[in-house]
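Letter by letter, the chains look like this.
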Amino acid sequence: MPFTALVTPARRTRAVSREEKAVEALFADGGAGGAGGRERWVESSFEVEGPLYLAVMALHVVPPERWRRHRVTALRRLLVVAHARHVAPGGVARLADKTEKDYSIYKHALLFWGMVELLYAMFKKVPPSTAEGGWSFALAEFVRQGDVALLEASERALRTLQDHLMVAHNFPAFARAAGILEEIENPDTFIQDTLNSLP
């Protein structure tokens, strides 16, 4: 029996639902002071299925409008990953050092987030789906049928990454290039404020 016959729509739907719940962990934000979801931000920075994995998973199971609502929280999570892995490469549950480091420490996390953002922009023409499986099935169908459009969009995304995001020399410049400046209260202190908000 072929493998595809074993993967019934009901099984696929259950898997999507499970993954959507996992991605919610990426978006969990207890707000300033570390209440709610932030108490696991540092510890999860060292997990295989942590924020980096979940950001990629979000592309598969979370529609663009939902990503857009939570993308700054996802960005904060990736900044914490970069900081935690730099100051405690062996892994910790709490940060002893919450002092902002040089921009180069965070740049790879920012570019990773930027690539997810650019991929979402490539998928903005995916029609909304009310069918079982929702976004993930609509996306799969779009990818199957839109290879030429995706190829052109990927070239534009690569140019944006190279010409705008990679050349940013500090966080405010990155935020400006990524088009999220208006979503961030104080770009000059955004990284430090994120670190200070951790329990």
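Please read these numbers as outputs of a predicted model, since none were measured by experiment.

1. Considerations on helix α9 (residues 171–178)
So, point 1. Burial analysis of α9 places 6 of its 8 residues in the buried class, the great majority of the element.
So, point 2. Every buried residue of α9 is listed here: F171, P172, A173, F174, A175 and A178.
So, point 3. Contacts from the buried residues of α9 go to α5 (64–87), α6 (103–122), α8 (147–165) and α10 (190–196).
So, point 4. The N-terminus of α9 is capped by N170, whose side-chain oxygen sits 2.8 Å from the backbone nitrogen of A173.

2. What to know about the packing of aromatic side chains
Each pair of aromatic rings is reported with the distance of its centres and the angle of its planes.
So, point 1. Scanning the model with the defined rule gives 6 aromatic pairs in all.
So, point 2. Their ring planes at 20° and their centres at 5.3 Å tell us that W67 and Y120 sit as a pair that is stacked. Of this pair, W67 sits in helix α5 while Y120 is found in helix α6, placing the two residues 53 residues apart along the sequence. The exposure classification of W67 matches that of Y120, with both residues buried.
So, point 3. Three or more aromatic residues link up through ring pairs in this structure, and these residues are F27, W67, Y120 and W135.

3. Topic: the pattern of salt bridges
So, point 1. Enumeration according to the criterion identifies 7 salt bridges in this entry.
So, point 2. Two residues, E24 and R66, come together in a salt bridge whose shortest N-O distance is 2.2 Å. Note that E24 is positioned in helix α2 (residues 9–27) and R66 in helix α5, a separation of 42 residues in sequence.
So, point 3. A salt bridge links R71 to E117; the shortest N-O distance between them is 2.2 Å. In this pair, R71 sits in helix α5 while E117 sits in helix α6, placing the two residues 46 residues apart along the sequence.
So, point 4. The buried category is assigned to R71, whose relative accessible area is 1%.
So, point 5. E117 sits in the buried class, given a relative accessible area of 14%.
So, point 6. Through salt bridges with shared partners, one network takes in R40, E43 and E47.

The rules behind the values
Residues numbered from 1 in each chain as written. Predicted model: local features only at pLDDT ≥ 70, side-chain atom pairs only at ≥ 80, totals over all residues. Heavy atoms only, no water. Buried < 20%, exposed > 50% of the residue type's maximum accessible area, 1.4 Å probe, protein only. Helix = DSSP H or I, 4+ residues; strand = E, 2+ residues; numbered from the N terminus. Contact = heavy atoms within 4.5 Å. Polar contact = N/O pair within 3.5 Å; in protein donor to acceptor, adjacent residues only side chain to side chain. Phe/Tyr/Trp six-rings, centres within 6.5 Å; stacked < 30°, edge-to-face > 60°. Salt bridge = Lys/Arg side-chain N within 4 Å of Asp/Glu carboxyl O.

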